[in-house]
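# Chains, contacts and geometry: an overview
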Amino acid sequence: DKVPSLPVSDPEIHVKAVAVNATVEQVSSSPSLVESWFVRVSNFYRLQVHVAVFLRLQSYYRRHPGTPTPNMKTGQITVIELAQARCHIIKLVQQEHFSNEIAAINAGRYVPKTSPLYKFNPIMDGGLLRVSGRLTLSALSSSWKYPIVLPSAGHVTELLINDAHFTSAHGTLQMVLSEIRQQYH
């Protein structure tokens, strides 16, 4: 059971002092959905389809727990499901990048002054983080008055830029920027 102790005077035992330098990093227990799953998809439409199918399955299993053979919605993904998937994708990305700002707004507090979004007076609208500003009193639609906030860098942001480039018929930089700025900030 016990390991016998050896005498230090034994000629076959060599005692050395060893210095060890170690760096400790905090590693999350599991990567986020955006990091692990979204980066595997090469265009935004395909990502929307994947998320729409996932949301369809999620609603199926939440609606009918324990039922042996309920009817499941089948067929092609609808435009409404694609729009819901787009909102869900953006919510996940915003939660990953702007979690402190979202928590502050949901708690009824102002966004911290250290936040990059502080000067834009962000608001929550339908679960999405949006920018408020001078257009609040205009007659434009709410999506024009309050553009959706996206992180400046990230895989989903790149997918949205590539999608805008594709939908503008491979337009110039100014056309793509105009397309992006109509919906996002």
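Refer to the structure presented above.
In what follows, the accompanying structure is described. (Residues numbered from 1 in each chain as written. Predicted model: local features only at pLDDT ≥ 70, side-chain atom pairs only at ≥ 80, totals over all residues. Heavy atoms only, no water.)

With that out of the way, let us pick up the packing of helix α2 (residues 44-63) against helix α3 (residues 79-97). Running from N to C, α2 and α3 cross one another at 100 degrees; their axes reach a closest spacing of 8 Å. By the angle between their directions, the pair α2 and α3 is classed as roughly perpendicular. Between α2 and α3, the residues in contact are F44, Y45, L47, Q48, V49, V51, A52, L55 and R56 and E81, L82, Q84, A85, R86, H88 and I89, respectively. The residue makeup of the contact of α2 with α3, split by class, is ten nonpolar, three polar and three charged. (Axes fitted to C-alpha atoms, helices over the stretch in contact; angles between N-to-C directions. Helix = DSSP H or I, 4+ residues; strand = E, 2+ residues; numbered from the N terminus. Parallel < 35°, antiparallel > 145°, perpendicular 65-115°, else oblique. Contact = heavy atoms within 4.5 Å. Nonpolar A, V, L, I, M, F, W, Y, C, P; charged D, E, K, R; others polar.)

Okay, the nonpolar core next. With 22 residues, the main nonpolar core has F38, F44, L47, V51, I89, V156 and Y184 as its most contacted residues. Every element with two or more residues in this core is listed here: α2, α3, α6 (155-167) and α7 (173-181). At five residues, the largest contribution of residues to this core is made by α2. Leaving out residues up to four positions away in the same chain, Y184 has contacts with R86, I90, P147, I148, L150 and L160. One finds I102, V111, L117 and V131 within the second-largest nonpolar core, a separate group that totals eight residues. (Core = buried A, V, L, I, M, F, W, Y, C linked by side-chain atoms within 4.5 Å. Buried < 20%, exposed > 50% of the residue type's maximum accessible area, 1.4 Å probe, protein only.)

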